[in-house]
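One letter stands for each residue in the lines below.
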Amino acid sequence: MGNSLKAIVAFVPSNKCQKYLLEDLEEMPVDKMVDLSGRQMRQLPVHICSFRELVKLYLSDNNLNHLPPELEQLQNLQILALDFNNFKALPLVVCTLKQLCILYLGNNKLCSLPLELRLLQNLKTLWIESNCLQYLPEVVCELSLLKTLHAGSNALRALPPQLQCLQELRTIWLSGNLLSEFPPVLLDMPFLEVIDVDRNSIRFFPSLAHLPGLKLVIYDHNPCRNAPKVAKGVRRVGRWSEETPEPRKRSGAVIEITLDEKPLLPPATKTEPE
């Protein structure tokens, strides 16, 4: 009953109703964090935008499809979670929050990202998984400090060559897309530490042994007949689509093949900026 009532109240912009949604949150919390996740909200209570020293704002799992222009007042915001909402386009006001380090946009209805995203030059973590992206927006390649990119569960068929400009990028999650070949641009990114291409349509894997920074490659659930070659100490997670292993040639010696256990999925919890 409580959630149903909140869903109804969310339509009413009166101060009294917004106060109910905020549960008497009249002053900025000491920890400079506001969590309004799962409140059935269809609009953000504007009162929140008066907390100008706010550092973390969690709006996950609501019914939001727009944000008020007053959000621009939160110029100290470092973490913004907008995942599990109804956004078809990223509100441009988000791109005015130039101190953002972590931005969660997963599980929405985004088909593209605005060019204004390039203004977020402090962004280190971007989650855009489970949207409607058929290509990775090239503006992502202009986020020079980006370290983690989660673009899984979209409809990506390729990656732009400009991605190699992201020399701070260490982790890229591409699980559940439509990749038919291993993205060539990743072969020119020696600084990558984690590559996840699980659940795609890749039939052949090139050697990754030349990537000195690589620590983990996840390639499971692809119709491939070979495992990617990697340098010593790099963990591989995956198997071939058929039970028959890759050919054992090399001077007639029998090469022992081991299959690693599937690791945990990318962290689902919200992370802190470094």
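Rules behind the numbers
- Counting restarts for each chain: residues are numbered from 1 in the order of the written sequence.
- The predicted origin of the model limits local features to residues at a pLDDT of at least 70 and limits the giving and counting of side-chain atom pairs to 80 or more, whereas totals for whole chains, interfaces and linings rest on all residues.
- For the side-chain quantities, the full set of heavy atoms in the structure was used; hydrogens and water were omitted.
- Put simply, DSSP marks the helices as runs of H or I at least four residues long and the strands as runs of E at least two long, and each gets a number from the N terminus on.
- Note on contacts: a residue pair is in contact if any heavy atoms of the two residues lie within 4.5 Å.
- All accessibility values rest on the Shrake-Rupley procedure with a 1.4 Å probe; residue burial counts only the protein chains present in the view.
- In this description, the term disulfide denotes a pair of cysteine sulfurs within 2.5 Å.
- In this scheme, a residue with accessible area under 20% of its type's maximum is buried, one over 50% is exposed, and one in between is partly exposed, where area comes from a 1.4 Å probe on protein chains only.
- Definition used in this section: a nonpolar core is a set of buried Ala, Val, Leu, Ile, Met, Phe, Trp, Tyr and Cys residues joined via side-chain atoms within 4.5 Å.
- Where each domain starts and ends comes from a domain assignment, either automatic or drawn from a database.
- The rule for pairing is simple: two strands pair if DSSP sees at least two bridges between them.
- Simply put, an axis is a line fit to the C-alpha atoms, just over the touching stretch for a helix, and the angle between two N-to-C directions goes from 0 to 180 degrees.
- For Phe, Tyr and Trp, where Trp contributes only its six-membered ring, two rings pair if their centres lie within 6.5 Å, and the inter-plane angle classes them as stacked under 30 degrees, edge-to-face over 60, or tilted in between.
- By definition here, a salt bridge exists when the distance from a side-chain nitrogen of Lys or Arg to a carboxyl oxygen of Asp or Glu is within 4 Å.
- Summary of the metric used: pLDDT quantifies the predictor's per-residue confidence within the range 0 to 100.

1. Side note on the overall build of the protein chain
Move 1: A tally of helices and strands in the protein chain yields two helices and 10 strands.
Move 2: Start at the N end of the protein chain and walk to the C end: the helices and strands fall as α-α-β-β-β-β-β-β-β-β-β-β.
Move 3: Sequence separation of at least 24 residues holds for 27% of the intrachain contacts in the protein chain that already meet a minimum separation of 6.
Move 4: Counting every atom, the protein chain has about 14,100 Å² of accessible surface; 52% of that belongs to carbon and sulfur.

2. As for the state of the cysteines
Move 1: Enumeration over the complete set of coordinates arrives at zero disulfides.
Move 2: Here Cys141 stays unpaired: no disulfide links it, and the sulfur of Cys165, its closest cysteine neighbor, is 6.9 Å away.

3. Looking at unusual backbone geometry
Move 1: Of note, the phi angle at Lys32 is positive, near 60 degrees, even though the residue is not glycine.
Move 2: Inspection of the secondary structure puts Lys32 in the loop between α2 (15–22) and β1 (33–35).
Move 3: Unusually for a residue other than glycine, Ser130 sits at a positive phi of about 55 degrees.
Move 4: Relative to the assigned elements, Ser130 resides in the loop between β5 (125–127) and β6 (148–150).
Move 5: You can call Ser130 partly exposed: its relative accessible area is 24%.

4. Brief notes about the environment of Pro137
Move 1: Residue placement: Pro137 occurs in the loop between β5 and β6.
Move 2: For Pro137, a relative accessible area of 4% puts it in the buried group.
Move 3: Separated by 26 residues in the primary sequence, Pro137 and Cys111 place their C-alpha atoms 9.2 Å from one another.
Move 4: When neighbours within four sequence positions are excluded, Pro137 is seen to be in contact with Ser112 and Leu113.

5. With respect to the nonpolar core
Move 1: Core analysis: the biggest nonpolar cluster contains 68 residues, and Leu163 and Leu186 have the highest contact counts within it.
Move 2: For this core, the two domains that each supply at least three residues are domain 1 (16–110) and domain 2 (133–243).
Move 3: In this structure, Leu186 is in contact with Leu159, Leu163, Ile172, Leu174, Leu192, Ile195 and Leu211, ignoring residues within four places of it in sequence.
Move 4: In this structure, Tyr58, Ile79, Tyr104 and Trp127 belong to the second largest nonpolar core, which totals seven residues.

6. As for the sheet that holds β5
Move 1: Pairing is parallel in the open sheet, where 10 strands are placed in the order β1-β2-β3-β4-β5-β6-β7-β8-β9-β10. Two strands close off the open sheet at either side, each with one partner strand: β1 and β10 (235–237). Strand-to-strand twist across the sheet, computed as the mean angle between neighbouring axes with direction ignored, equals 5 degrees.
Move 2: Here three bridges tie strand β7 (residues 171–173) to strand β8 (residues 194–196), and the two strands are oriented parallel to one another. Considered in β8, the bridge of Ile172 is made with Ile195.

7. With respect to the packing of aromatic side chains
Move 1: Under the criterion given, the structure shown has three aromatic pairs.
Move 2: Look at Phe205 and Tyr219: their rings are 5.4 Å apart centre to centre, the planes differ by 65 degrees, and that puts the pair in the edge-to-face class. Note that Phe205 is positioned in the loop between β8 and β9 (216–218) and Tyr219 in the loop between β9 and β10, a separation of 14 residues in sequence.
Move 3: We classify Tyr219 as buried; its relative accessible area is 3%.
Move 4: Ring pairing ties together the aromatic residues Phe182, Phe205 and Tyr219, which thus form one cluster.

8. Overview of the pattern of salt bridges
Move 1: In total, this model carries three salt bridges according to the counting rule given.
Move 2: Among the ionic pairs, Glu142 bridges to Arg118, the shortest N-O distance being 2.8 Å. Pair noted here: Glu142 is in the loop between β5 and β6 and Arg118 is in the loop between β4 (102–104) and β5, with a separation of 24 residues, a long-range link.
Move 3: On the basis of relative accessibility, which here comes to 35%, the residue Arg118 falls in the partly exposed class.
Move 4: The shortest N-O distance in the salt bridge between Arg199 and Asp198 comes to 3.8 Å.

9. Remarks on the environment of Val139
Move 1: The topology assignment puts Val139 in the loop between β5 and β6.
Move 2: For Val139, a relative accessible area of 4% gives the class buried.

10. Considerations on the confidence of the model for the protein chain
Move 1: The share of residues in the protein chain with pLDDT of 70 or more is 78%, and the mean pLDDT across the chain is 85.
Move 2: Here residues 240–265 is modelled with pLDDT under 50, and outside its nearest four sequence neighbours on either side it reaches 38 contacts, counting other chains as well.

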